[in-house]
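Take a look at the letters that make up each chain.
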Amino acid sequence: MSTVLITGASRGIGAQCAIAFAKAGYDVALNYRRNAEMASALAKEIQSFGVRAIAVQADVADSTQVKRMFEDVRAELGAINVLVNNAGISHVGLLTDMTDDEWRRLIDTDLSGTFYCCREALFDMIRAHSGVIVNIASMWGEVGASCEAAYSAAKAGVIGLTKALAKEVGPSGVRVNAVSPGVVMTDMMADFSEKDVAALKDDTPLMRLGSPEDIADAVLFLASEKARFITGQVLSVNGGMVI
Ligand code: NAP
């Protein structure tokens, strides 16, 4: 039996990843920052797949909270075999209007949070000479988005971290990959108008936006034995929007 820790699993892509891993037989730790009720309800729901599931609070932008979260998960579910770094926030606006605090909050969450979680997970994985990390990047980290400069920078950082870490820990039996979603209908898209959403669909060769299931399936694949010779890669799941 394998155990996965998924950050930001109370809703959206992370929640769908939790369901997909549970259906595949993994014990699941669902991290959340604020939405305790949603995370606990989902943990309860996925126990019906016959696996253990717990909700665990931590702000991934805080390394002390991340350390405590890993201790809690190890105590309840044992060693963590798979880490999915999914927790993230976005910020839309001109770079010239962005405050220091907004910049820091985004980088601390999307990039430093991924670093803190990788560092904690690797203690066990390197010792066990096995383990998988899947980082959730974004197509904006590949090509850059106007009015999402901080987000694009953070996600480009996640891609660089993924490639470098894959080289560093490959000899220790640990694989590190990224899934780079296109536009996926979650709360993160809540501020987009119907017109914006229609335009995004038009820009996508497969003529639709992504679903959390589209992303979760790719994450589960990279975590699985079927991806045993894949490391340091960025799997773009974007309907062809960025090729
Ligand atoms: P979402 O629906 O807004 O959900 C975000 C999740 O992250 C929630 O579970 C939230 O927890 C958690 N979270 C946020 N800040 C956190 C923190 N500091 N510590 C711990 N958890 C935190 O987002 P989503 O669309 O599913 O996005 C998931 C990932 O995919 C993100 O990394 C995002 O950048 C990436 N992505 C999304 C899209 C898209 O179009 N949606 C495209 C490309 C990449 P609470 O519920 O407790 O607040």
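So, a few notes on the structure that sits alongside this text. As the structure is a computational prediction, the values presented were derived from the model and not from experiment. The numbering scheme is per chain: residues are counted from 1 as the chain's sequence reads. Owing to the predicted nature of the model, reporting of local features is limited to residues with pLDDT of at least 70; listing and counting of side-chain atom pairs is limited to 80 or more, with chain, interface and lining totals taken over all residues. Hydrogen atoms and water are omitted, and side-chain values are computed over all heavy atoms in the structure.

## A few points about the side chain of T204
Reasoning step 1: Along the chain, T204 turns up in the loop between α7 (194–202) and α8 (212–223).
Reasoning step 2: Any two residues having at least one pair of non-hydrogen atoms within 4.5 Å are treated as being in contact. Other than its neighbours up to four places away in sequence, T204 contacts N238, G239 and M241. The helix and strand labels rest on DSSP assignments: H or I over at least four residues marks a helix, E over at least two residues marks a strand, and numbering proceeds from the N terminus.

## Section: the packing of helix α1 (residues 12–23) against α8
Reasoning step 1: Helix axes are fitted to C-alpha atoms over the stretch in contact, other axes to C-alpha atoms as well, and angles between N-to-C directions run from 0 to 180 degrees. Contact geometry of α1 with α8 gives a least axis separation of 8 Å together with a crossing angle of 50°. By the angle between their directions, the pair α1 and α8 is classed as oblique. Remark: the crossing between α1 and α8 carries right-handed chirality. Contact with α1, carried on its side by G12, I13, Q16, C17, A20 and F21, involves P212, E213, I215, A216, V219, L220 and A223 of α8 and no other residues of that element.
Reasoning step 2: Classifying every residue of the contact of α1 with α8 by side-chain character gives 10 nonpolar, 2 polar and 1 charged. An angle counts as roughly parallel when it lies under 35 degrees, as roughly antiparallel when it exceeds 145, as roughly perpendicular when it falls between 65 and 115, and as oblique in every other case. Here is the rule for handedness: rotate from the far helix to the near one, and if that takes an anticlockwise turn smaller than a right angle the crossing is left-handed, while a clockwise turn gives right-handed. Gly is placed with the polar residues, together with every amino acid not listed as nonpolar (Ala, Val, Leu, Ile, Met, Phe, Trp, Tyr, Cys and Pro) or charged (Asp, Glu, Lys and Arg).

## Concerning the packing of helix α4 (residues 100–128) against helix α6 (residues 149–169)
Two quantities define a packed helix pair, namely the angle between the axes and the distance from one axis to the other.
Reasoning step 1: At a minimum axis separation of 9 Å, α4 and α6 run at an interaxial angle of 15°. If you check the angle between α4 and α6, you find them roughly parallel. Handedness of the crossing formed by α4 with α6: right-handed. Touching W103, L106, I107, D110, L111, T114, F115, C118, L122 and I126 of α4 are A150, Y151, A153, A154, K155, G157, V158, L161, L165 and V169, all from α6.
Reasoning step 2: Of the residues that constitute the contact of α4 with α6, the class distribution is 16 nonpolar, 2 polar and 2 charged.

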